[in-house]
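Residue-level structural notes
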Amino acid sequence: MAGSRLPRQLFLQGVAAVFMFAFASLYTQIPGLYGPEGILPARRTLRPQGKGRWQQLWETPTLLWEAPRLGLDTAQGLELLSLLGALVALGALLLSPLRHPVIYLLLWAAYLSACQASGPGVPLFPVGLPAARDWLPGRAGGPAEASLPPQGGPPGQAGRGPAPRRPPLLAALTYHYETQCLPTPAAWFAHHLPVWLHKLSVVATFLIEIAVPPLFFAPIRRLRLAAFYSQVLLQVLIIITGNYNFFNLMTLVLTTALLDDQHLAAEPGHGSRKKTATSWPKALLATLSLLLELAVYGLLAYGTVHYFGLEVDWQQRTIHSRTTFTFHQFSQWLKTLTLPTVWLGVASLVWELLSALWRWTQVRGWLRKLSAVVQLSLVGTATVALFLISLVPYSYVEPGTHGRLWTGAHRLFGAVEHLQLANSYGLFRRMTGLGGRPEVVLEGSYDGHHWTEIEFMYKPGNLSRPPPVVVPHQPRLDWQMWFAALGPHTHSPWFTSLVLRLLQGKEPVIRLVQSQVARYPFHKQPPTYVRAQRYKYWFSQPGEQGQWWRRQWVEEFFPSVSLGDPTLETLLRQFGLQEKSPPRTRSANSTLAQALHWTRSQLSPLEAPALLWGLLMAVGAVRFVQALLAPCSLRSSPLAPVSGEKRRPASQKDSGAASEQATAAPNPCSSSSRTTRRKK
């Protein structure tokens, strides 16, 4: 059976890369989001409540409580935490000794600490590691789930553009590309693909996200690899057509568990190895495995054709698809299969625990055996606990299964829920924007009569500007503007604070709107009045030169206000956003505060996507140099045992096989060493 050393290293590097992007992306936005002059200053949400130190830490688990001990305010502590997190993650990405459980525990603790800066109920800070709260962006299942009949959505505005209608099943992708949070230029082209191809894509999404995942547990290696590449295909297509930052990367990282050393190493000796006669039981097993594999593929093909009514129209060269099941039938099917999938997970976990126990019995020496049993006990207990916790959010998909879960799992989840060890994916359960993409457009004015639109860097606004590519950056303000447009402004209290900061002309917030302040229309003097309008946006049609979008006005989203306006003051008081006391100024003369200020001054001219792509290219360059300078022995032995694993003397038969493989696939490094010995 192929080993898992290379996939394990790939997984750890992938997790480190996600942490690096998450911390770096957050760092660029801290002053405008959580700084003293930001939209939601962190010092408001992290105030001591007069509780004991440990009780306070347990209820609000964040290392930012220690920022004052370092002479930093909360926002500066958040900057320090983000910088250290990005650097440690970068180190783990480049240096194998840093890929240690303690390092990843620290990274998790640092990101959890940073998440507390937004405070309860304030969604400016998506968690995203390893999942988010109920509104996680980048949900891979959005298009598939949205293809089910919607049970709500924004009501239509009579006489103000096309009225929303309930889409037929499989029609989700005719809306998805246009109405997703932050489309890419490729989304425009995908949106104009034929409708039959959109429907077929939804069928493929159902297949990949519902039928294929059970193959993750298949005993046949080729089935697991097929499941892996199907997930990769889906995630890559989502990345190309939507700016879902680092969330799709997380899914790709998780799927690396389906790989093995043999597949990743691509050893040259495997293809040229001499075929040897195999015993009839092995031949029979191989034949049965092949038949089972073909049966699985046939079952998937038959189920897809049957349940989605696939028909090929040779004259029009299209493939017609339609659902042959009702929503009720789908719910019943979900109810039938959810609990068995839980038991499938239990069986897989038990197998892994028994395998680990068997490996422990092979350890020699009482000291090593004692060390191994302590490690096995700790890791095994933590694994079982995390599995039980994860069952609760997993069962949200089917209420009946959720109610039948063991009560101990519910109690355990409730006790540690605030630590966000396991979360449910819940965004885009219903398709939005069926009558057009709702979009909020801010406007400023000096006299209250002549208004100038305030254009954001990433969200749709200017009709002639193409959608940007910002992945793996997570522009939190632009993202939240999409959510704000789905309802009244009172559902997004932070929006009132945004209006206030724009009226005050606070530069940190302006840099969230436009990183190059000179591009901001009111960079010389803050506007006297600010208001917001709600529009419906649609992708332009092919042939409309120089236009990416078209739009229609819907209604006023936020009334025209100015500083001191009674309406603004009432809203600020209603949402608890008024400044009750001036912020306490901390000395900026400390070495740490000066270092943070200098670092910010050096990095602030860079746009966030450019910074993250620069990090990625730097990592690529370092890895390339590492590969060139790596010792020949390491490059020639991709399946060498991991440090700390006990080496057992190979049997004569194994030694002969290894010798034969080495002869069949000579290594340039070893050949060079033999030449050197001959010269001696």
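Residues numbered from 1 in each chain as written. Predicted model: local features only at pLDDT ≥ 70, side-chain atom pairs only at ≥ 80, totals over all residues. Heavy atoms only, no water.

Observations concerning the packing of aromatic side chains
- If you walk through the whole model with that rule in mind, you get 22 aromatic pairs.
- Seen in terms of ring centroids, W482 and F483 are 4.9 Å apart; in terms of plane orientation they differ by 85°. Their pairing is edge-to-face.
- You can call W482 buried: its relative accessible area is 4%.
- Each ring, one from F495 and one from F557, has its centre 5.2 Å from the other, and the planes form 85°; the classification is edge-to-face. One end of the pair, F495, is in helix α21 (residues 494-504); the other, F557, is in strand β6 (residues 549-561), and 62 residues separate them in sequence. In terms of burial, F495 and F557 fall into one category: buried.
- Through a chain of ring-to-ring contacts, the aromatic side chains of F206, F308, F325, F330 and W333 assemble into a single cluster.
- The ring of W360 has K369 lying over it, and the distance from NZ or CZ to the ring centre is 5.1 Å.
- Over the ring of W451 we find R531, and its NZ or CZ is 4.1 Å from the ring centre. (Phe/Tyr/Trp six-rings, centres within 6.5 Å; stacked < 30°, edge-to-face > 60°. Buried < 20%, exposed > 50% of the residue type's maximum accessible area, 1.4 Å probe, protein only. Helix = DSSP H or I, 4+ residues; strand = E, 2+ residues; numbered from the N terminus. Lys NZ or Arg CZ within 6 Å of the ring centre and 35° of its normal.)

Concerning the pattern of salt bridges
- Summed over all chains, the structure comprises 15 salt bridges.
- Here E66 makes a salt bridge to R53, at a shortest N to O gap of 3.0 Å. Of this pair, E66 sits in the loop between α4 (53-59) and α5 (74-94) while R53 sits in helix α4, placing them 13 residues apart in sequence.
- Salt-bridge contacts for R465 lead to E455; the nearest nitrogen and oxygen are separated by 3.1 Å. Remark: E455 occurs in the loop between β4 (452-454) and α20 (476-484) and R465 occurs in the loop between β4 and α20; sequence separation between them is 10 residues.
- The exposure class assigned to E455 is partly exposed, which follows from its relative accessible area of 27%.
- Salt bridges sharing common partners tie together R53, E66 and R69. (Salt bridge = Lys/Arg side-chain N within 4 Å of Asp/Glu carboxyl O.)

A few points about α21
- The buried fraction of α21 amounts to 10 of the 11 residues, a majority that puts the element mostly inside the structure.
- Along α21, the residues that are buried comprise W494, F495, T496, S497, L498, V499, L500, R501, L502 and L503.
- G505 occupies a position one or two residues after α21 and carries a positive phi of about 70°.

Considerations on unusual backbone geometry
- Omega for the bond connecting V471 with P472 falls within 30 degrees of zero, at 10°, which places this linkage in the cis form.
- Looking at the secondary structure, you find P472 in the loop between β4 and α20.

Topic: helix α12 (residues 247-255)
- Restricting attention to buried positions, one finds in α12 the residues F247, N248, M250, L252, V253 and T255.
- If you follow the buried residues of α12, they end up packed against α1 (5-27) and α11 (221-241). (Contact = heavy atoms within 4.5 Å.)

Some points on a nonpolar patch on the surface
- On the surface, W280, L284, L288, L290, L291, L294 and Y297 cluster together to form a nonpolar patch covering roughly 750 Å² of accessible area.
- Inspection of the secondary structure puts L294 in helix α15 (residues 280-307). (Patch = residues over 30% accessible without salt bridge, like charges linked within 9 Å, V, L, I, M, F, W, Y side chains within 5 Å. Areas by Shrake-Rupley, 256 points an atom, 1.4 Å probe, with all protein chains shown as cover.)

Some thoughts on the confidence of the model for the protein chain
- In the predicted model, the protein chain carries a mean pLDDT of 83, and the fraction of residues at 70 or more is 81%.
- The low-confidence segment residues 120-167, where pLDDT is below 50, has 126 contacts with residues more than four positions distant or belonging to other chains.
- Considering only residues more than four positions removed or in separate chains, one finds that residues 633-680, a stretch of pLDDT under 50, has 30 contacts. (pLDDT = per-residue confidence, 0-100.)

What to know about the packing of α11 against α15
- For the pair α11 and α15, the least separation of the axes is 9 Å and the interaxial angle reads 30°. By the angle between their axes, α11 is roughly parallel relative to α15. Touching R222, L223 and A226 of α11 are L290, E293, V296 and Y297, all from α15. (Axes fitted to C-alpha atoms, helices over the stretch in contact; angles between N-to-C directions. Parallel < 35°, antiparallel > 145°, perpendicular 65-115°, else oblique.)

Remarks on the side chain of E398
- By secondary structure assignment, the location of E398 is in the loop between α17 (366-394) and α18 (399-404).
- Of the buried charged residues, E398 lacks a salt bridge, with R404 as the closest side chain of opposite charge at 4.5 Å.
- A polar contact is formed between the side chain of E398 and the backbone nitrogen of T401, at a distance of 2.7 Å.
- In contact with E398, other than residues within four places in its own chain, are L334, K335 and T338. (Lys, Arg positive; Asp, Glu negative; His and termini not counted. Polar contact = N/O pair within 3.5 Å; in protein donor to acceptor, adjacent residues only side chain to side chain.)

Observations concerning the pairing of strand β3 (residues 437-445)
- Taking burial as the measure, the 9 residues of β3 include 9 buried ones, the bulk of the element.
- Burial of β3 is two-sided: the residues R437, E439, V441, E443 and S445 facing one way and the residues P438, V440, L442 and G444 facing the other way are all buried.
- The pairing of β3 with strand β5 (residues 529-539) spans 9 bridges and is classified as antiparallel. Within β5, the position partnered with G444 by the bridge is V530.
- Pairing geometry for β3 and β4, over 3 bridges, is antiparallel. Within β4, the position partnered with G444 by the bridge is T452.
- Between β3 and β4, which pair antiparallel in sequence order, lie 6 residues; one of them, G448, sits at a positive phi of approximately 85°. (Pairing = 2+ DSSP bridges.)

Let's talk about the environment of D478
- Here D478 shows up in helix α20.
- Assessed through its relative accessible area of 2%, D478 is described here as buried.
- With 35 residues separating them in the primary sequence, D478 and V513 have C-alpha atoms 8.1 Å apart.
- Other than its neighbours up to four places away in sequence, D478 contacts L182, F456, M457, Y458, K459 and L512.
- Here the side chain of D478 touches K459 through a polar contact of 3.1 Å, landing on its backbone nitrogen.

A few points about the sheet that holds β6
- Pairing is antiparallel in the open sheet, where 4 strands are placed in the order β4-β3-β5-β6. For this open sheet the edge positions go to β4 and β6, each flanked by a neighbour on one side alone. Along the sheet, successive strands turn relative to each other by an average axial angle of 35°, direction set aside.
- Contacts from α21 reach β3, β4, β5 and β6, with the element oriented near 80° to β6.

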